[in-house]
Amino acid sequence: MFARSSSRIFNVINISCIQSRSARAWVRKPLGSPMAKSKMFRIAPKKFIPADEKAEVKRLYDNYFHQMKSLRHYFFEQSLEQAESGEVAQMKHRLEEEEHIRLMEENRLENEKTAKLREEKLKIQAEKKRENILASLINKEEETRLYEIQIEAFLEKQKTTPFIQAENIEKAIEEALANPVDFNFAIDLDGYVYRGRETAIEKIPEEERERLRSN
Amino acid sequence: MASAIPTFTKIGKVIRLNKHGCTNRPFYHIVVQKTKDNFDGPVIEQVGSYDAMPNSQNEKLVAVNFERVQYWLAQGAGMSNPVAQLLGLSGFLPNHPQTLIQSWKNRREPPRERKLQPIKGIAPPLDNPKI
């Protein structure tokens, strides 16, 4: 609170915040106290203002407030215009322009630097890529060559296998009938064939042992 | 249309007279202050002065910085009645109704007894010192 000579704190009046030795200033009569004898039957005089004077006063005040309102708006708009076109605004604008140009220049230099670095990187990458592609092409060629050789070998093998042609068919039939193949045999993990009732290869004599080989 | 023109919100600042000087010698500063502050409290800007005692030429001197007053009015500062009257008399603002009312009251009523006498010698004494 400001230091006033007498104050109203929590509706307790006539207290002073500052200590002073002079007489205490009077703010107002305490609210509960009775009316003084001299004021009991007093009627406060009311000012009489004729109607035409009142009307004139009202007219004057209405006009004045109307004019003041419009003036305030005018001043406000002037201040806005001034803010945009005044000296301070122009200087600000100029400084901003300079700053902008400086920053654009800096940006351009930075871009050039990074562009150079990028180009070098790209060159190295391109070189690597070229080498990779070459290596892969060579690999591919090698593979196709090997594949062709394999195909050749396979075809050769197929050709050499004894297929039954139309001319050989009767001979083949007679051969098949003459040599029946018996599949009633068991086979060992080592490939030994068990045709009889023996279950161990040691029991079969050496001369009669058969072995299937996977070629 | 009320919505077309923006209404001014109160910014809590006011242009008014601060009484300085000493006993029997008032001197006012025309000042921009926050409404809450006291007359002897912090002042945002002094924008003029008003000497209530007439000088040897029987003039009451008023000084006003109109540019700054315009700036503060544009910001939305309020004005006390005496300041508005002074600015109206100076021609910066329209005449305050109070000046006109006071002038016709003065013409109507006889002058009342005053303690301070008008300065005699250079300017002639007035019958009605209110005018």
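If you check an unreviewed UniProt entry, chain B appears there as Small ribosomal subunit protein bS16m from Daphnia pulicaria. Word for word, the UniProt comment on chain B under Sequence similarities (unreviewed entry) is "Belongs to the bacterial ribosomal protein bS16 family." Checking UniProt for chain B, the heading Subcellular location (unreviewed entry) contains the comment "Mitochondrion".

The name that an unreviewed UniProt entry assigns to chain A is Small ribosomal subunit protein mS26, with the source organism given as Daphnia pulicaria. Regarding chain A, the relevant UniProt record gives this comment under Sequence similarities (unreviewed entry): "Belongs to the mitochondrion-specific ribosomal protein mS26 family."

### Concerning the sheet that holds strand β1 (residues 13-22) of chain B
Residue and element names in this part refer to chain B. Read across the open sheet, the 5 strands follow the order β4-β3-β2-β1-β5; overall the sheet is mixed. Only two strands of the sheet have a single neighbouring strand rather than two, namely β4 (62-64) and β5 (78-79). As paired strands, β1 and β5 are joined by 2 bridges and run parallel to one another. Directly across from Ile15, in β5, lies its bridge partner Met79.

### Some thoughts on the pattern of salt bridges
Residues and elements named next belong to chain A. According to the stated counting rule, one finds 12 salt bridges over all chains in the structure shown. Residue Asp62 pairs with Lys58 through a salt bridge whose shortest N-O separation is 2.9 Å. Separated by 4 residues within a single helix, Asp62 and Lys58 lie in helix α1 (residues 51-85), roughly one turn from each other. Owing to a relative accessible area of 39%, Asp62 belongs among the partly exposed residues under this scheme. Accessibility expressed as a relative area gives 53% for Lys58, which makes it exposed. Of the charged contacts in the structure, one is a salt bridge between Glu142 and Arg145, with a shortest N-O distance of 2.5 Å. Here Glu142 and its partner Arg145 are both found in helix α2 (residues 87-160), 3 residues apart, which amounts to about one turn of the helix. Residues joined by salt bridges that share partners form a network here, namely Glu99, Arg102 and Glu106.

### As for the packing of aromatic side chains
Residue and element names in this part refer to chain B. The tally for this structure, following the rule as stated, stands at 7 aromatic pairs over all chains. Ring geometry for Tyr28 versus Tyr50: centroids 5.8 Å apart, planes at 20°, classification stacked. One end of the pair, Tyr28, is in strand β2 (residues 25-34); the other, Tyr50, is in strand β3 (residues 45-51), and 22 residues separate them in sequence. Neither residue differs from the other here; Tyr28 and Tyr50 are each classed as buried.

### Quick notes on a nonpolar patch on the surface
Residues and elements named next belong to chain A. Taken together, the side chains of Tyr147, Ile151, Phe154 and Leu155 make up a nonpolar region of the molecular surface, amounting to roughly 410 Å² of accessible area. If you trace the backbone, Leu155 turns up in helix α2. With relative accessibility at 39%, the residue Leu155 sits in the partly exposed group.

### A word on the confidence of the model for chain A
Averaged over chain A, the pLDDT score is 88; the fraction of residues at 70 or greater is 91%. Averaged over each element, pLDDT in chain A is lowest for strand β1 (residues 7-9) of chain A (60) and highest for α2(A) (95).

Cut-offs applied
- Residues numbered from 1 in each chain as written.
- Chains lettered and ligands numbered in written order.
- Predicted model: local features only at pLDDT ≥ 70, side-chain atom pairs only at ≥ 80, totals over all residues.
- Heavy atoms only, no water.
- UniProt positions renumbered as here; feature names shortened; annotations may be inferred.
- Pairing = 2+ DSSP bridges.
- Helix = DSSP H or I, 4+ residues; strand = E, 2+ residues; numbered from the N terminus.
- Salt bridge = Lys/Arg side-chain N within 4 Å of Asp/Glu carboxyl O.
- Buried < 20%, exposed > 50% of the residue type's maximum accessible area, 1.4 Å probe, protein only.
- Phe/Tyr/Trp six-rings, centres within 6.5 Å; stacked < 30°, edge-to-face > 60°.
- Patch = residues over 30% accessible without salt bridge, like charges linked within 9 Å, V, L, I, M, F, W, Y side chains within 5 Å.
- Areas by Shrake-Rupley, 256 points an atom, 1.4 Å probe, with all protein chains shown as cover.
- pLDDT = per-residue confidence, 0-100.

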